[in-house]
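Chain by chain, the residues run as shown.
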Amino acid sequence: MLGSFTYCNPCRLHFGPKALDDLAGELKTYGPVVMLAYGGGSIKKTGVYDQVMKALADAGKTVVELSGVMSNPTVEKMREGCALARENDVDLILAVGGGSVIDYAKAVSVSAWSDEDGWEKYFKRTTPIDNRIIPVGDVLTMSGTGSEMNAGSVLSSHSEHLKIGHVFGSDVIPQFAIVNPELTFTVPDYQMKAGIFDAFNHIQEQYFSGTDDNVSDYVMEGLMRSLIHSSRIAVADPTDYEARSNISWVCTWALNTFVACGKATDWEVHMIGQAIGAVTDATHGMTLSAVAPAYYRFIMPYGLPKFVRFATEVWGVDPQGKTDEDIASCGLDAMEAWMREIGVVMHASELGLTEDMFDDVVKGTFLLGGGYKKLTSDEVRSILKESM
Ligand code: NZQ
Ligand code: ZN
């Protein structure tokens, strides 16, 4: 491993069927006013809302509710949360939901006490945070993003056709996370599959970079193998606890900052996927599955040894009698077969993307260059065409 890094993840994570019992202990650390952020109402149907409200009442907290956080949360919604957090001088933001709610809580956490609009300052200009940060804790109800234990936050501005993710410092990572895999049993099938592919692609984004021998690559191969194995079980039986718990834990580790240590990282599939999301508002994980096959076929020649390793170590491709190109290509064939088997979206046209949107998508795609090849705008356009 040749990279240098500082590693700090301050999140205390409680995992398992009884994890919610640990919320009471966590709440003791914070002042009396808690902003409870949640989505479109799934937590009321599943009973998680009642359980969380009881813990808050038992802890003597004053609760300020912020409901209706949509998937792919918007800047307008973020501004609403900031005003509420300021008016009530909240001591903790408790996010109960999936990645959207937790990302949202982080955006409010950094922006509420900012002297200017947080979207402009922290997402568009990525200025370092210079104001009070409201602590965030979360109760995770859907696995995929890893937001429960990372500093990422993604916001959408539909009027600007922009969806921007920003990774803040470790002071924005939620201070605690409650992860009970049983809570994910009720996640709709489409969202479960999107979450699985999201996590798979988080690993790919960090795996397909660099040429040095790096412990993270070995860890990621194990994470991918576990996710592939458990995904097949969970698709057949979403209430299989063992499979869902492994998926939840892989999703957390796929993006809790650990495997990125000492590595350059790619993130170009996410850049294209987010740009598609900005114009279609499609489900995040499916925007990734729609473009990943075309992207990796295109990148393969530039990072061939790693694609050979991906084929043999993750997919068990037999290298005997094959050229490196054939081995690598068999790996991508196996990946695509698995994607079709579990049922993720394979074509961007299924997400409502049309060719007249390509200009906006190309314009909205940040070209990062951390992987095996920095794309040009024309290459983004041809990957989009291939993905339709
Ligand atoms: O809004 P509610 O009613 O809660 O319904 C949600 C939502 O409709 C539902 N759901 C969640 N848990 C449920 C449930 N329904 C029934 N039972 C449950 N237990 O599922 C739907 C999707 O939820 P959402 O939070 O939108 O999904 P996800 O976790 O995939 O989050 C997506 C957002 O995270 C961002 C994405 O761009 C997108 O905006 N990302 C965040 C990242 C990060 N923080 O590091 C990285 C990712 O790459 C990603 O970009
Ligand atoms: Zn993602």
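Please read all numbers here as calculations on a predicted model, not as lab measurements. (Residues numbered from 1 in each chain as written. Chains lettered and ligands numbered in written order. Predicted model: local features only at pLDDT ≥ 70, side-chain atom pairs only at ≥ 80, totals over all residues. Heavy atoms only, no water.)

Moving on: the packing of aromatic side chains. On inspection of all chains with the given rule, the structure shows 23 aromatic pairs. Taking 6.4 Å as the distance between ring centres and 80° as the angle between the ring planes, the aromatic pair formed by Y122 and F168 counts as edge-to-face. A residue pair is termed long-range when its members are at least 10 positions apart, and Y122 in helix α6 (residues 118-124) and F168 in the loop between β7 (162-167) and β8 (176-179) qualify at 46 residues. In this structure Y122 comes out as buried when scored by relative accessible area, which is 0%. Judged by centre distance (5.1 Å) and plane angle (75°), the rings of Y295 and Y296 are edge-to-face. Using a relative accessible area of 0% as the deciding quantity, one classes Y296 as buried. Among the aromatic side chains, those forming a connected cluster through ring pairs are F197, F200, Y207, F208, Y295, Y296, F307, F310, W315 and W338. The ring of Y49 carries K44 above its face, with NZ or CZ at 4.7 Å from the centroid. The ring of Y218 carries R309 above its face, with NZ or CZ at 4.6 Å from the centroid. (Phe/Tyr/Trp six-rings, centres within 6.5 Å; stacked < 30°, edge-to-face > 60°. Helix = DSSP H or I, 4+ residues; strand = E, 2+ residues; numbered from the N terminus. Buried < 20%, exposed > 50% of the residue type's maximum accessible area, 1.4 Å probe, protein only. Lys NZ or Arg CZ within 6 Å of the ring centre and 35° of its normal.)

Turning to the domain arrangement of the chain, a few remarks are in order. The domain boundaries assigned to the chain delineate domain 1 (12-184) and domain 2 (189-387). Each of domain 1 and domain 2 has a C-alpha centre, and the two are 27 Å apart. If you look at the interface, domain 1 gives 25 residues, while domain 2 gives 23 residues. Roughly 2100 Å² of surface becomes buried between domain 1 and domain 2 when both sides are summed, with 57% attributable to carbon and sulfur atoms. The interface formed by domain 1 and domain 2 includes 0 salt bridges. Linking domain 1 to domain 2 there are 8 residue pairs in polar contact (both at pLDDT 80 or more). For the side of domain 1 that touches domain 2, the secondary-structure elements that each account for two or more residues are β1 (12-15) and β7. Among the elements that make up the side of domain 1 that touches domain 2, the one with the highest residue count is β7 (4 residues). Grouping the constituent residues of the side of domain 1 that touches domain 2 by class yields 10 nonpolar, 12 polar and 3 charged. (Domains from an automatic or database assignment. Contact = heavy atoms within 4.5 Å. Buried area = accessible area lost by both parts, 1.4 Å probe. Salt bridge = Lys/Arg side-chain N within 4 Å of Asp/Glu carboxyl O. Polar contact = N/O pair within 3.5 Å; in protein donor to acceptor, adjacent residues only side chain to side chain. Nonpolar A, V, L, I, M, F, W, Y, C, P; charged D, E, K, R; others polar.)

As a further point, take the sheet that holds strand β5 (residues 136-140). Here we have 6 strands laid out as an open sheet, ordered β1-β8-β5-β4-β2-β3, and parallel in their pairing. Each end of this open sheet is capped by a strand with a single partner; those strands are β1 and β3 (62-66). In this sheet, adjacent strand axes meet at a mean angle of 15° when their direction is disregarded. Note that β5 and β8 share 4 bridges and pair parallel. Counted as the bridge partner of D138 is A177 from β8. (Pairing = 2+ DSSP bridges. Axes fitted to C-alpha atoms, helices over the stretch in contact; angles between N-to-C directions.)

It is worth spelling out the coordination of the zinc ion (ligand 2) at this point. The expected angle between donors at a tetrahedral four-coordinate metal is 109.5 degrees. At an octahedral six-coordinate metal it is 90 or 180 degrees. Donor atoms from the polypeptide that bind the zinc ion (ligand 2) are D198 (OD), H202 (NE2), H270 (NE2) and H284 (NE2), placed at 1.9 to 2.1 Å. Linear spacing of the donor residues for the zinc ion (ligand 2) on their chain is D-x3-H-x67-H-x13-H. In this pair, H270 is assigned in helix α10 (residues 268-280) and H284 in helix α11 (residues 284-299), connecting sequence segments 14 residues apart. (Donors = N, O, S within 2.8 Å, 3.2 Å for Na, K, Ca; no water.)

Moving on, we come to the packing of helix α7 (residues 189-207) against helix α8 (residues 215-236). Two elements in contact, α7 and α8, have axes separated by 10 Å at closest approach and are oriented at 165°. Classified by the angle between their axes, α7 and α8 sit roughly antiparallel to one another. At the point where α7 passes α8, the crossing takes the left-handed sense. Of the residues in α8, those in contact with M192, K193, I196, A199, F200, I203, Q204, Q206 and Y207 of α7 are D217, M220, E221, L223, M224, L227, I228, S231, A234 and V235. Residue composition of the contact of α7 with α8, grouped by class: 13 nonpolar, 3 polar and 3 charged. (Parallel < 35°, antiparallel > 145°, perpendicular 65-115°, else oblique. Left-handed = near helix turned anticlockwise from the far one by under 90°.)

Here we come to the environment of P319. Residue position: P319 is located in the loop between α12 (304-315) and α13 (324-342). Counting along the chain gives 282 residues from P319 to A37, while the straight-line C-alpha distance between them is 50 Å. Every residue in contact with P319, bar those within four places of it in the chain, is listed here: T312 and I327.

Orientation of α7 relative to α12, taken along the N-to-C sense of each, is 140°, at an axis distance of 12 Å. As far as their axial angle goes, α12 and α7 are oblique. Read as a crossing pair, α7 and α12 show a hand that is right-handed. In this structure, α7 contributes F200, Q204 and Y207 to the contact, and α12 contributes K306, R309, F310 and W315. Its residues assigned to classes, the contact of α7 with α12 comprises 4 nonpolar, 1 polar and 2 charged.

Turning to helix α4 (residues 75-88), a few remarks are in order. With 14 residues, α4 should reach 20 Å at 1.5 Å per residue; the first-to-last C-alpha distance of 20 Å fits that figure. Those residues of α4 that sit buried are V75, K77, M78, G81, C82 and A85. Angularly, the buried residues of α4 cover 150° about the axis, an arc narrow enough to put them on a single face. Against the buried residues of α4 lie β2 (33-38), β3, α5 (99-111), α6 and β6 (152-157). Backbone geometry just downstream of α4 places D89 in the positive-phi region, at approximately 45°. (Expected span 1.5 Å × (residues − 1). Arc of directions from axis to C-beta.)

Let us look at the side chain of N214. Tracing the sequence through the fold places N214 in the loop between α7 and α8. Residue class for N214 comes out buried when judged on its relative accessible area of 0%. A polar atom in the side chain of N214 sits 3.2 Å from the backbone oxygen of G262. Among residues more than four places away in sequence, those in contact with N214 are M1, C261, G262 and K263.

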